[in-house]
Amino acid sequence: RVPSPVLIKKFSDASKAFMGIVSSQACSSSTSALRWVLSCLATLLRKQDLAAWSYPVTLQVYHGLLSFCVHTKPKVRKAAQYGVCSVLRGSEFMFGDAAPEHHPAAPSTAKFCVQEIEKAGGTKEATTTLHILALLRDLLPCFPAAVVKTCCETLLRVMTLSHVLVTACAMQAFHSLFSAQASVACLPAELNAQIITALYDYVPSTSDLQPLLTWLSTMERAHINLGRLQKDLCWAHLPRLFSAAMNCFLSPHSQVVAAAAQTLETLLSECVAPHMDDLGTVSASAPAPAAYLCKMFRSVEEGLTYRFHAAWDEVLRVLEVFFETCGKQCHPIMRKCLRSLCDLRLSPHFPYTAEVDQAVGAAVSAMGPEVLLEAVPLEIDGKEETLDFPRSWLLPVLRDYVQGARLSFFTSYFLPLAAALKSRALEFTQAGKSVEAKIYDTLQWQVWTLLPGFCTHPTDLLGAFKGLARTLGMAISERPDLRPTVCQALRTLIHKGCETDAERAEVGRFAKNFLPILFNVYSQPEEDGGSSAQRRSVLDTVRAYLTITDPQMVCGFLQKASEKLTSPESSEFARLSILDLVVAMAPYADEQSLGSLYHTIQPSLQSKERSMQKKAYRVLEEVCAAPHAPCQAFVRSHLQDLQAALLDSLKSAASPAKRPRLKCLCHIVKQLSAEHEPFITALVPEVILCTKEVSVGARKNAFVLLVEMGHAFIRFGPTPQEAMQRFLLLVYAGLTGSVTMISCTVLALTRLFFEFKDHLELSVVEQLLQNICLLLASRTRDVVKAALGFLKVTLLLVDTKVLAKHIQAMLEAVGNLSDDMRRHFRMKLRNLFTKFIRKFGFELVKGLLPAEYHKVLVNIRKAEARSRKQRALRQAAADTDEEEAPPAQPRGDSMEEILADSEDEEEEEEERQRSKEWRKQARQKGQAWLKEGEEDEPLNFLDPNVSQRVLATEPGPKRSRGVSHDFQVSEDGRLIIHEEEEEVDDDEAKGADEEMADVLQDVGLRSKKSQKRRFREEPDDEEHEAGTYPQYRAGGSGIHRQLDKEPAFGAEYRSKKGKGDVKKKGQLDPYAYIPLNRARLNRRKRAKMQGQFKGLMKGAQRGAKAGRRNRQKAQRP
């Protein structure tokens, strides 16, 4: 809080006072005062300017602070270390424009650290060395290069002592240095490379888990940092690390294998991938840096040999990343590996086929299918003598991973192959060999399924598509089995292949050929035109192709379609199909064509054929919703005609046509101005009634249109409050209608209140609330249900002070419900009472409700208390788990962590106790083991790799831990298994999101959770992607006939010829097991269960004897 200039000016006096306190408290048993004074000293030093550090007194005070970094008391030492870090990394002059590269006190700090390490050496406890290493972990990135070199040499020297904890802390210091991404002034590339080379002398044994993980992580960060500083030097060091990491794949620890694989993948993606574009094609004889890449790949490729078989899954993942990052340039050196992978996959009982498929798929994506098939031929040509096809597994892999390939390669290689396979299938069919014919037919279909992949970002679209277009057109019209695949390929080509205007023009040039074929196929009945899924696929393809088709051509097609619509020769199916196509084409037509189309479909708006009427409204909906200029101009010029036509067809609108009609009205209302208010007024009754339509889509659109009409009235003005009052008066009229109209009106008012609550005056809200309370006296369930929904929304949205005036009227209205209503809506009432109690308290609600409700209210209070208690217990358990989790070691990485000096004070006795425990654990952790030589070989202490014999993990076979489970055990050893209880219905725990979901459900925006899935799907005129249509399945709410009964226990063993069970080959014996039954643990049924197994063994023995006698009789001559 003291300003920096004051601390600078009074530095001498303040530091003298602080140092006096420090000297007096240094040997005191209490540490609180000393800790806080050290923190104050650090703050004082941090505020000094650069010039102050040239005075000896400043350095003297700083060294006084530094000396406490090796204090025996943990809290004092921690405070001093935090202080030193904050001074060196957070001094104010280090953030200015003229900031020096490093702090003036950094060299002396490094000198102090080196001296302390050399003084302590490798004594048994090595506590001072560990304290200094913890300090260096945070400070190394702050030192200048010359000092960093000295410190690193000291660290390497102290690691030769093979003290496990010292080695681990030194490795952490190196890891911190590389992770900090220090500047060249701190860590030059040459020094980084020298440290990497030196660390190879300290590779732990492959059976030493934790040290090896730390070593791998440190080397990974070292190479990534070196790659940031100098790419060529990094690549020169990578082959040796790849070789060392591959040795880790032989470790018995799965964590080491996974860590080594992750290290290699990270190095490939961070150090190699960014520079691959600078390389040309890499061959085996290429000079550096490509030669380094060859060595790295050879190391990983060696992992496919048998001695690595336990880690093949991880090796395959590394190969997958190698193919992804380097496959495009390095495919010449990878072909042998691809052949090995394919041979490996064909070996019997190979367990990693999925990993091989992914690795080969990555090669396909990076290298392309041509390179893969050159290295690993498909060996399928339609002339095979046997039906073996060992490489047929490549077809699904190619299908899933091909992209960015040459389209002409499919034309030249796969099309002739598909034709040869098809002709061979026909030969077998004529010869009556149906199995062989089916195999070849499946193969040719698999070849065709590669086409969508080749259409994804093809490289030669401009030159290759014209050679393929005729074949695709013939396949659509003549081959119903290939139609979905070819249509999917065309859609993929349009969406993911046409990236430039030239490519779009090239594919669009063939619209005059493809669109008539697609139109004809879609217009055919299902027997000829395929299944409904195929027809939808064709329609989706038409929609996609229209996006790149010339508008004049679309107008020509639209004119022909209009002629066929009015032709008396067209069947009803043909007219409906043509209307579907018109719906797709309408948004791309010009204004003149839209005018003639409108006159063509206008009579259909009042047609008695419901399907025709619905499709006609769909055409209007698409035209009104289209963002293209001609469509918007048509709507503006024909606004009066559209209003008149929609009002005239109001009475004749069929229920299926309501959804598109309401959507169409919604788009029109958005464009209306104040003079069109009578049109909206005329629509209000229809929209209100549609809020209870059968169709979910119609109900949803009705609510959307209602809100849009409210926005239109606000646009009309003069003020939002007056506009909404005027609109609500129109809606209020519905309250005087029939019962259905009243319930629909209440729903509409609920939604409008939810949407426009900010534009309603208080008097309007109060009047609305009073009217709803009156409606609760209705004898119709629908009206009462809607009114209760309104009250629920009111409780959520209206301020408590406003509600307090009306709570008596609201609760009296609810309390006066008839017994029948109360029983029917008991769950809704309970939910409502819960919200009342939370808002106004139990006593007030109880006092305002009749006595027959008091029992429910008491039950609600108990349930609330129980749920609160359970929440508190769960929270306490979660907090306990967090406390039990091991705390992360303070790293001091961010400036906030370094400058955060506040700590909770604790009792000295507790601190001493923890210190003892920590020292005990440190002694246990500091234990090391010597790994003896193999068999009788003596341990050679002069061996340069002897440091690998010093293990932090006790050698020898690990004892498997007992399996732990979460079940309680009774005194007699039985497991106590509780059935899961249903979650308590806890509205308070739902939170705001679920409360809002309830509200949306009541106002018609969300369907009920209990509704079947098919009613939650989009209506039938919403197009789905081919093959994704929901199918009916028995289940959910309601009464269903069970389609597939569960087989009786042991039914698979039942004999088909006689009584009893029979043995099945490869399965368990049917009579050797007794099904477990949890009811047998019940003490009350123990007497009943006692005698049931008495004769089991005797009966089995009798049966065995009888069987033996029968066999002996059968064997007698």
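Presented here is a report on the structure given in the accompanying data block. (Residues numbered from 1 in each chain as written. Predicted model: local features only at pLDDT ≥ 70, side-chain atom pairs only at ≥ 80, totals over all residues. Heavy atoms only, no water.)

## Description of the overall build of the protein chain
Keep this limit in mind: Helix and strand assignments follow DSSP, with helices taken as H or I runs no shorter than four residues and strands as E runs no shorter than two, numbered in order from the N terminus. Whether two residues are in contact is decided by their heavy atoms, any of which lying within 4.5 Å being enough.
On a plain count of helices and strands, the protein chain comes out with 51 helices and four strands. A fraction of 71% describes how many contacts in the protein chain between residues 6 or more apart in sequence connect residues 24 or more apart.

## Side note on helix H27 (residues 532-546)
Put simply, the rule reads: To estimate how far a helix should extend, the number of its residues minus one is multiplied by 1.5 Å. Buried, partly exposed and exposed residues are distinguished by accessible area as a fraction of the type maximum, computed with a 1.4 Å probe on protein chains only: under 20%, between the cut-offs, and over 50%, respectively.
For H27, with 15 residues, the first-to-last C-alpha span of 21 Å sits near the 21 Å given by 1.5 Å per residue. Of all 15 residues making up H27, 11 are buried, and the element is well covered by its neighbours. Buried within H27 we find Gln534, Arg535, Ser537, Val538, Leu539, Asp540, Thr541, Val542, Ala544, Tyr545 and Leu546.

## Here's the deal with unusual backbone geometry
In the Ramachandran plot, His349 falls in the positive-phi region, its phi being about 60 degrees despite a non-glycine side chain. On the secondary structure map, His349 appears in the loop between helix H15 (312-346) and helix H16 (353-367). The phi angle at Phe389 is positive, at roughly 50 degrees, despite the residue not being glycine. Turning to its location among the elements, Phe389 is positioned in the loop between helix H17 (369-375) and helix H18 (394-401).

## Details of the packing of helix H35 (residues 677-690) against helix H37 (residues 720-732)
Definition in use: For helices, the axis comes from a line fit to the C-alpha atoms of the stretch in contact; other axes are also lines fit to C-alpha atoms, and the angle between any two N-to-C directions lies between 0 and 180 degrees. Between 65 and 115 degrees an angle is taken as roughly perpendicular, under 35 as roughly parallel, over 145 as roughly antiparallel, and anywhere else as oblique. Handedness of a crossing follows from how the near helix is turned relative to the far one, being left-handed for an anticlockwise turn of less than a right angle and right-handed for a clockwise one. Charged residues are taken to be Asp, Glu, Lys and Arg, nonpolar residues to be Ala, Val, Leu, Ile, Met, Phe, Trp, Tyr, Cys and Pro, and polar residues to be all remaining types, Gly included.
Between H35 and H37, the shortest axis-to-axis distance is 10 Å and the interhelical angle comes to 45 degrees. With respect to each other, H35 and H37 are oriented oblique. The way H35 lies across H37 gives a crossing that is right-handed. In contact with Glu677, Thr681, Val684 and Ile688 of H35, H37 contributes Arg726, Phe727, Leu730 and Val731. Across the contact of H35 with H37, the residue classes tally to five nonpolar, one polar and two charged.

## Some words on the state of the cysteines
Convention followed: Criterion for a disulfide: a pair of cysteine sulfur atoms within 2.5 Å.
For the coordinates displayed, the defined rule picks out zero disulfides. Between Cys330, a free cysteine, and Cys326, which holds the nearest cysteine sulfur, the sulfur-to-sulfur gap is 4.9 Å. You can see Cys498 has no disulfide; the closest cysteine sulfur is in Cys455, sitting 9.5 Å from it. Given the relative accessible area of 6%, Cys498 is considered buried.

## Remarks on the environment of Lys336
Locating Lys336 in the fold gives a position in helix H15. A sequence separation of 40 residues divides Lys336 from Val376, and the C-alpha atoms of the two residues are 9.2 Å apart.

## Describing the pattern of salt bridges
Here the idea is simple: oppositely charged side chains can pair when their charged atoms come close. As a reminder of what qualifies: Any Lys or Arg side-chain nitrogen located within 4 Å of an Asp or Glu carboxyl oxygen qualifies as a salt bridge.
Considering all chains together, one arrives at 32 salt bridges under this definition. Ionic pairing is found between Glu355 and Arg317, a salt bridge with its closest N-O pair at 3.8 Å. With a gap of 38 residues between them, Glu355 in helix H16 and Arg317 in helix H15 connect regions that are remote in the sequence. Given a relative accessible area of 33%, Arg317 falls into the partly exposed group. The partner of Arg659 in a salt bridge is Glu621, with the nearest N and O atoms 3.7 Å apart. Of the two residues, Arg659 sits in helix H34 (residues 658-669) while Glu621 sits in helix H31 (residues 610-625), which places them 38 residues apart along the sequence. Across this residue pair, the class does not change: Arg659 and Glu621 are buried. Three or more residues joined by partner-sharing salt bridges are found here, namely Arg618, Glu621, Glu622 and Arg659.

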